[in-house]
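Chains, contacts and geometry: an overview
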Amino acid sequence: MISTYLFFGFALLAILGALGLILFKHPMNGAMSFVITLISLAGLYALLSAKLIFAIQLIVYAGAIMSLILFIIMFLNIQDKDLPLDPNRWFYLAGAIVVVAPIAGLLLKITRSLPAVEATVLEDGFGSVKVVGQLLFRDWLLPFEIVSILLLVALVGAVVLAGKREE
Amino acid sequence: MISHYLILSIILFCLGILGVVSRRNVFIVFMAIELMLNAANLGFVALARLHVNMDGHVLALMVMAVAAAEAALALAVIILLHKHKGNLDTNIFSLLKG
């Protein structure tokens, strides 16, 4: 019962944070409200008994990636006069709603055909670090190694791009 | 109910699309893309719970790794662009046009 209330609380916070992201003018305000979305998504992962994903969402997403973005926003020292003017913003928003609404309606209709399963918290190690880690290193070993190569390439690329000296 | 989680995932994904289309600030567009990745992650984890199968968790981990790589590269490009143009407008990306 309490998990239902928790779900609706977290869902409301996530939607409000996303709305703040796309409506706030300054990127700093948008980033802070996006952090709220990420943290409430971590709570939803915990409700779905995905313990490893819950921890990684908090540490990697809300911790590392968002602090990197906030650091860059502060590093560039963005004033109000540097922000691009959005004169057609509401026009584009209305057009996008017209395009996206039928697709969203179709997807919502698809979710109605799924079996009605209550999202109770599962025991016996579903989603725990040990079980997911064993799955990762047994069945998903090759994709895991490819991800490490991807991260290495991204690291080298970021250093090459951002560390370029002016001649 | 699991379908509520999927409905929330669809709503967040659509909000991400609206952010990408309607805003011209590079940071907002970038974070809206991150929002869409997160919505896909929520879908993966909800379907993993529905089928009591943990492959969805592994896929969510992969998506997070891709998001981290994307964040590093995109922020490097934004710094470079801000250094050259002193602007954050997505329209200045048109200098890549052939």
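Each chain carries its own residue numbering, running from 1 in the written order of its sequence. Think of it this way: whatever chain is written first is A, whatever ligand is written first is 1, and the rest follow in order. Per-residue local features of the predicted model are confined to residues with pLDDT of at least 70, and side-chain atom pairs are confined, for both listing and counting, to 80 or more; whole-chain, interface and lining totals are unaffected and use all residues. For the side-chain quantities, the full set of heavy atoms in the structure was used; hydrogens and water were omitted.

As a further point, take the overall build of chain B. The helix count covers DSSP runs of H or I at least four residues long, the strand count covers runs of E at least two residues long, and both are numbered beginning at the N terminus. Each helix and strand in chain B was counted, giving three helices and zero strands. Starting at the N terminus, the α and β elements of chain B follow one another as α-α-α. Throughout, the radius of gyration refers to the C-alpha atoms, and the reference size of a globule is 2.2 Å times the residue count to the power 0.38. Rg of the C-alpha trace for chain B: 16 Å, well past the compact-globule value of 13 Å for 98 residues, more than 25% over. Here the C-alpha coordinates of chain B stretch approximately 50 × 25 × 20 Å along the principal axes. The 98 residues of chain B split such that 60% are buried. Considering only contacts within chain B whose residues lie at least 6 apart along the sequence, 56% involve residues at least 24 apart. Using a 1.4 Å probe, accessible areas were evaluated by the Shrake-Rupley method; residue-level cover was limited to the displayed protein chains. Carbon together with sulfur atoms contributes 69% to the accessible area of chain B, which is approximately 3,500 Å² in total. A gap of 12 Å separates the mean positions of the 6 positive and 4 negative side-chain charges of chain B. Note on classification: 1.4 Å probe, protein chains only; a residue is buried when its accessible area is under 20% of the maximum for its type, exposed when over 50%, partly exposed between these limits. What makes two residues a contact is simply this: any of their non-hydrogen atoms within 4.5 Å. Positive charges come from Lys and Arg alone, negative charges from Asp and Glu alone, with His and the N- and C-terminal ends not counted. To locate a charge, take NZ of a lysine, CZ of an arginine, CG of an aspartate or CD of a glutamate.

With that out of the way, let us pick up the interface of chain A and chain B. Listed as interface residues are 82 residues of chain A and, on the opposing side, 68 residues of chain B. Buried area is calculated as the accessible area (1.4 Å probe) missing from two parts once they are joined, with the contributions of both summed. Both faces combined, the contact of chain A with chain B buries some 6,800 Å², and carbon together with sulfur accounts for 81% of it. Salt bridges are identified by distance alone: a Lys or Arg side-chain nitrogen within 4 Å of an Asp or Glu carboxyl oxygen. At the surface where chain A touches chain B, the tally comes to zero salt bridges. Pairs of N or O atoms within 3.5 Å make up the polar contacts considered here, provided that, within protein, one atom can donate a hydrogen while the other can accept it, and that residues adjacent in sequence are counted only when both atoms are side-chain atoms. Inspection of the chain A/chain B interface yields six residue pairs in polar contact (both at pLDDT 80 or more). Elements with a minimum of two residues in the side of chain A that touches chain B: helix H1 (2-23), helix H2 (27-47), helix H3 (51-76), helix H4 (89-112), helix H5 (129-138) and helix H6 (141-162) of chain A. Looking at the side of chain A that touches chain B, the element that brings in the most residues is H3 of chain A, giving 13 residues. For this classification, the nonpolar set comprises Ala, Val, Leu, Ile, Met, Phe, Trp, Tyr, Cys and Pro, the charged set comprises Asp, Glu, Lys and Arg, and every other residue, Gly included, is treated as polar. Residue composition of the side of chain A that touches chain B, by class: 67 nonpolar, eight polar and seven charged.

Here we come to a nonpolar patch on the surface. Residues and elements named next belong to chain A. Where nonpolar side chains cluster on the molecular surface, the patch consists of Leu 12, Leu 16, Leu 19, Leu 23 and Trp 90 and spans about 500 Å² of accessible area. A total of four residues in the nonpolar patch trace back to one element, the largest contributor, which is H1. Here Leu 16 is to be found in helix H1. A residue counts toward a patch only above 30% relative accessible area and without a salt bridge, and it is joined to like-charged neighbours within 9 Å or, for Val, Leu, Ile, Met, Phe, Trp and Tyr, to nonpolar neighbours within 5 Å.

The relation between two aromatic rings is expressed through the spacing of the ring centres and the mutual angle of the planes. A pair of aromatic rings is counted whenever rings of Phe, Tyr or Trp (Trp by its six-membered ring) have centres within 6.5 Å, and the orientation is called stacked for planes under 30 degrees apart, edge-to-face for over 60 and tilted otherwise. On inspection of all chains with the given rule, the structure shows five aromatic pairs over all chains. Note on Phe 7 of chain A and Tyr 5 of chain B: the rings are 4.5 Å apart at their centroids and 55 degrees apart in plane angle, and the pair reads as tilted. Note that Phe 7 of chain A is positioned in helix H1 and Tyr 5 of chain B in helix H1 (residues 2-22), a pairing that runs across two chains. Its relative accessible area of 3% is what places Tyr 5 of chain B among the buried residues. Ring plane angle 20 degrees and centroid distance 6.1 Å describe the contact between Phe 71 of chain A and Phe 75 of chain A, whose orientation is recorded as stacked. Here Phe 71 of chain A pairs with Phe 75 of chain A, and both are found in helix H3, just four residues apart, close to one helical turn. Exposure class is identical for Phe 71 of chain A and Phe 75 of chain A. Each is exposed. Connected via pairs of aromatic rings, a cluster forms that spans Phe 7 and Phe 8 of chain A together with Tyr 5 of chain B. Ring-over charges, as used throughout, are those where CZ of Arg or NZ of Lys falls within 6 Å of the ring centre and within 35 degrees of the ring normal. Of note, Arg 89 of chain A hangs over the ring of Trp 90 of chain A, and the distance from its end group to the ring centre comes to 5.2 Å.

Turning our attention to the confidence of the model for chain B. What pLDDT conveys is the predictor's confidence in a given residue, as a value from 0 to 100. When the pLDDT values of chain B are averaged, the result is 88; 96% of them are 70 or greater. On the interface metric, ipTM, the complex scores 0.90, and its pTM is 0.91.

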